[in-house]
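A look at the structure
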Amino acid sequence: MTASSGTAGEARAPVPLPTPKFATAARAALADTRLRRNLRGATASLRERAGASPEPGDWEELREAGRAIRDDALLNLDAHLEELERAVTEAGGTVHWAADAAEARRIVLALVQATGAREVVKARSLVAREIGLNGALAAAGITARETALADLVVQLGGDEPSHLLSPAAHRDGAQIRELFLRGLLGAPPDLPDEPAALVGAARAHLREGFLAARVAITGANFLVAETGTAVLLESEGNARMCLTLPDTLITLAGIEKVVPAWADLEVLLQLLPRSAAGEAMTPYVSSWTGVTPGDGPRAFHLVLLDNGRTRALADEVGRAALRCVRCSACLNVCPVYERTGGHAYGPVYPGPIGAILTPQMRGVESAADASLPYASTLCGACADVCPVKIDIPEVLVHLRGRVVESRRRRPVPTPELLMMRGLAWTMGDARRYEAALRRGTRWARLLSRGGRIRRLPGLLGKWTEARDLPAPPAESFRAWWRRRP
Amino acid sequence: MRVALFVACFDDAMFPATGKAVTSLLERLGHEVSYPPGQTCCGQVHWTTGYHREAAALARGFTGAFEGSEAVVTASASCAVAVRDAYPRIARSARDPGLARAAEGLAVYELTEFLVDVLGVTDLGAYFPHRVTYHPTCQSLRTLGVADRPLRLLRAVRGLELVELPAAEECCGFGGAFAMKNADVSVAMVADKVRHVRDTGADVVCAADNSCLAHIGGALSRLRGGVRVMHLAEILAETGPV
Ligand code: SF4
């Protein structure tokens with residue numbers, strides 16, 4: 001799954017595959033019956049779990065408080081980050097700043113190489129995915145052992161995570177069993193495909209890695225500025241091993257993960273588990289502050305990544321996306337995600353949040369990135385559940401505007417731009433509109449047979465691929481109105 | 001009351017029966033209906049597809065056409081959302097405070113809101129002896145929050161057997177430009193919607209927005225599903241043989 005052509009000491013980025021547009025990637029996903037079944041099952045069970053536990057009576061107030069905390073953190077981000085750096089340094093840790101993915105890879109690689117370790121254990125980290133860390137480590141001859149069960153499955157499968165919290169949501173038990181039989185040393189050939197047995201097999205494999213590991217790499221859910229504390233939520237307990245057993249601990253986080261005060265966690269630690277899995281509390285909540293002599297890691301490094309986040313922050317509407325606490329609730333209720341899965345959204349950030357985050361971090365120049373804001377019907381189910389009240393449809397529409405503006409600057413106008421401009425010009429005047437309406441109606445009636453249109457030309461042909469259109473009546477409403485006595 | 005009718009361009013061309021039904025409903029209730037002739041298109045599609053400059057121009061035209069109206073009523077939930085919810089945003093993105101003021105000055109209602117909240121009626125004396133199911137479109141359900149108003153109106157219709165639509169609140173997959181740009185996903189979504197509609201055994205599926213109905217109806221028609229789509233207003237306007 002990884003190329004090993006890099007020379008040691010150089011953080012060579014894995015060559016990014018050309019990502020297809022959302023619609024193209026989605027088409028393949030839609031045709032994959034097994035994927036469809038797995039996604040239906042995974043999202044339905046997550047929705048059920050969220051629905052099963054009663055919403056706390058003050059849920060709306062909690063959401064509002066969560067929104068305010070995250071907004072405040074973002075509003076004064078520079079001050080909070082300075083405070084965080086001071087606190088981490090005072091506690092014996094070191095803070096590293098990475099402007100982009102390449103710099104972050106270089107920093108992490110240098111830190112690992114300085115320890116001389118040939119192997120690292122990894123706990124869940126979306127930022128590690130974002131910067132393509134595994135590829136860079138492999139290129140330098142360093143093995144990354146994923147310790148989160150689902151990440152292990154993704155690693156063995158050689159593909160990408162398809163969900164924020166359940167990265168292997170696209171796999172079923174039988175597929176996981178197969179991957180384990182091929183990839184895990186010592187997995188018994190009669191391994192059943194039930195969850196408990198699979199977890200047991202993975203655990204046996206992981207334990208060995210923990211005991212030998214000298215370097216751990218983790219993500220963080222929150223960074224508390226006033227105390228310099230990193231906080232991580234997980235349900236398996238493996239991340240906790242990563243935090244305690246190795247000598248060197250490297251934590252990766254986006255700069256937006258900061259919250260001002262310890263007390264802010266009171267709200268966020270209620271919101272996140274509920275939205276993620278309908279739980280009052282996540283099984284394991286770990287927090288660590290710098291280093292403690294004689295206990296746990298002897299060196300702690302916090303790598304803070306920008307990679308487009310300050311650009312998003314500068315956008316009045318778009319910055320709401322940075323409030324995200326990665327709970328996945330928006331994925332679990334999204335009717336588009338349920339049918340396409342996460343891979344169609346490109347690497348790292350899937351679902352509705354990915355559709356507003358990725359184009360902001362990467363820009364909208366490429367066709368793939370520009371297609372993401374359009375990967376939604378704007379149905380609003382995501383905004384209804386988001387614990388920090390991100391109005392995802394609003395941001396989507398805003399980003400669509402950015403896509404169109406960027407296309408306007410191109411020397412040759414797109415057919416869509418010409419059509420939309422023409423339409424707006426026609427609609428700009430009632431007489432023009434009515435003349436076009438009469439022409440259009442006549443033309444559409446010619447295309448129809450038995451009251452329905454089965455094939456439309458040009459851009460509209462996409463509609464009639466699978467849907468009819470009724471033939472328009474000969475008389476429009478406005479014509480009828482004029483004729484009324 | 002003097003009601004200015006706002007007929008979505010889509011309804012004007014493709015579904016004039018809806019506007020006629022709204023007219024006859026309101027007149028039956030004793031209100032004076034006008035149709036401001038300057039209206040064309042509210043700009044919804046331009047706005048949601050990202051053509052924000054064009055949307056601003058259309059929004060200016062719209063507010064001009066309806067200026068001074070006592071109440072603007074539309075049978076298109078998504079167009080009501082465009083004017084009420086999106087115009088302030090369109091004005092902000094176009095840096096046009098005049099447009100924001102003009103939009104604020106308009107009292108725009110979606111039909112079921114207007115009937116239930118403003119006029120305070122649920123029984124419109126309609127008679128429609130068919131088995132009917134109702135699809136709450138995303139914009140009427142989530143953005144406007146019409147809640148059970150359409151159902152209350154339907155329950156008062158004589159002869160009508162209302163059957164509940166399974167997974168009613170799931171999007172039908174229309175989404176404006178989405179239906180074309182992501183046609184495959186859109187079709188996968190409407191396939192499930194159509195399956196649920198057919199499971200109810202209804203003769204008619206209705207909604208408060210013809211755009212979603214064109215999508216559901218287009219799929220039903222292609223599949224020869226034997227279920228008719230009808231705008232809610234057209235059901236409410238049916239009085240049957242007197
Ligand atoms: S956008 Fe909201 S719902 Fe989606 S993952 Fe982020 S916090 Fe959760």
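Residues numbered from 1 in each chain as written. Chains lettered and ligands numbered in written order. Predicted model: local features only at pLDDT ≥ 70, side-chain atom pairs only at ≥ 80, totals over all residues. Heavy atoms only, no water.

Moving on to the domain arrangement of chain A. Under the domain assignment, chain A is made up of domain 1 (22-310) and domain 2 (426-483). Distance from the C-alpha centre of domain 1 of chain A to the C-alpha centre of domain 2 of chain A: 53 Å. (Domains from an automatic or database assignment.)

The next point concerns the confidence of the model for chain B. This prediction gives chain B a mean pLDDT of 96; 100% of its residues lie at or above 70. Listed scores for the predicted complex are pTM 0.94 and ipTM 0.97. (pLDDT = per-residue confidence, 0-100.)

This part takes up the interface of chain B and chain A. Facing the 61 residues of chain B at the interface are 63 residues of chain A. When the buried area of chain B at its contact with chain A is split by residue, Tyr51(B), Met180(B) and Arg222(B) rank highest and sum to 13% of it. Here chain B is connected to chain A by 13 salt bridges. Where Glu54(B) meets Arg408(A), a salt bridge forms, and the shortest distance between an N and an O atom there is 2.9 Å. Put simply, chain B and chain A have 33 residue pairs in polar contact (both at pLDDT 80 or more) between them. If one sorts the elements of the side of chain B that touches chain A by residue count, helix 11 (residues 183-199) of chain B sits on top with eight residues. (Contact = heavy atoms within 4.5 Å. Buried area = accessible area lost by both parts, 1.4 Å probe. Salt bridge = Lys/Arg side-chain N within 4 Å of Asp/Glu carboxyl O. Polar contact = N/O pair within 3.5 Å; in protein donor to acceptor, adjacent residues only side chain to side chain. Helix = DSSP H or I, 4+ residues; strand = E, 2+ residues; numbered from the N terminus.)

Before going further, it helps to spend a moment on the UniProt feature "domain: Cysteine-rich" (unreviewed entry) in chain B. Residues and elements named next belong to chain B. Per the UniProt record, "domain: Cysteine-rich" (unreviewed entry) is found at residues 3-83 and 132-216. Helix makes up 58% of residues 3-83 and strand 14%, whereas the separation of the span's terminal C-alpha atoms amounts to 16 Å. Counted over residues 132-216, helix gives 49% and strand 12%. Its end C-alpha atoms are 15 Å apart. (UniProt positions renumbered as here; feature names shortened; annotations may be inferred.)

On to the packing of aromatic side chains, then. Taken as a whole and judged by the stated rule, the model has 14 aromatic pairs over all chains. Both rings, one in Phe477(A) and one in Trp480(A), keep their centres 5.4 Å apart while their planes meet at 45°; by these two values the pair is tilted. Of this pair, Phe477(A) and Trp480(A) both sit in helix 23 (residues 477-483), separated by three residues, roughly a single helical turn. Per residue, the accessibility class of Phe477(A) equals that of Trp480(A), and both read buried. Members of the aromatic cluster, each reached through a chain of ring pairs, are Phe477(A), Trp480(A), Trp481(A) and Tyr35(B). Arg467(A) extends its terminal NZ or CZ atom over the ring of Trp463(A), reaching a point 4.7 Å from the ring centre. Across the ring face of Trp481(A), the terminal group of Arg484(A) is positioned such that the distance to the ring centre comes to 4.4 Å. (Phe/Tyr/Trp six-rings, centres within 6.5 Å; stacked < 30°, edge-to-face > 60°. Buried < 20%, exposed > 50% of the residue type's maximum accessible area, 1.4 Å probe, protein only. Lys NZ or Arg CZ within 6 Å of the ring centre and 35° of its normal.)

Attention now goes to the site of the ligand. Taken together, 14 residues surround the ligand, and among them Cys324(A), Cys327(A), Ser328(A), Cys330(A) and Cys386(A) come closest. Looking at the shell around the ligand, its residues break down into twelve nonpolar, one polar and one charged. (Near = heavy atom within 4 Å. Nonpolar A, V, L, I, M, F, W, Y, C, P; charged D, E, K, R; others polar.)

Turning our eyes to something else, we now look at the domain arrangement of chain B. All names here are of chain B. What the domain assignment lists for chain B is domain 1 (2-118) and domain 2 (131-237). One C-alpha centre belongs to domain 1, the other to domain 2; they are set 22 Å apart. The interface formed by domain 1 and domain 2 contains one salt bridge. For Asp 117, the salt bridge identified is with Arg 149, shortest N-O distance 2.9 Å. Our count for the contact surface shared by domain 1 and domain 2 stands at ten residue pairs in polar contact (both at pLDDT 80 or more). At the level of secondary structure, the elements contributing two or more residues to the side of domain 1 that touches domain 2 comprise helix 1 (9-14), helix 2 (16-28), helix 5 (77-93) and helix 7 (111-118).

So, about the side chain of Asp11(B). Turning to its location among the elements, Asp11(B) is positioned in helix 1. We note that Asp11(B) is buried and unpaired, the nearest opposite charge coming from Arg478(A) at a distance of 11 Å. Looking at Asp11(B), its side chain comes within polar contact range of the side chain of Asn210(B), at 3.0 Å. Here Asp11(B) is in contact with Pro16(B), Thr18(B), Ser76(B) and Asn210(B), once residues within four sequence places are set aside. (Lys, Arg positive; Asp, Glu negative; His and termini not counted.)

Attention shifts here to the sheet that holds strand 6 (residues 161-163) of chain B. Residues and elements named next belong to chain B. Ordered in space as 6-5-7-8, the four strands form an open sheet in which the pairing is parallel. A strand with exactly one partner marks an edge of an open sheet, and here the two such strands are strand 6 and strand 8 (228-231). With strand direction ignored, the average angle separating the axes of adjacent strands in the sheet is 35°. Relative to strand 6, strand 5 (residues 131-134) is paired through three bridges, and the arrangement is parallel. In the sheet register, Thr 133 faces strand 6, and the bridge partner there is Val 163. (Pairing = 2+ DSSP bridges. Axes fitted to C-alpha atoms, helices over the stretch in contact; angles between N-to-C directions.)

For the rest of this paragraph, the subject is the environment of Leu265(A). All names here are of chain A. Checked against the element boundaries, Leu 265 lands in helix 12 (residues 265-277). Between the alpha carbons of Leu 265 and His 170 there is a distance of 32 Å; along the sequence they are 95 residues apart. Once residues lying within four places of it in the same chain are set aside, the contact partners of Leu 265 are Phe 222, Val 224, Val 231, Val 259 and Gln 270.

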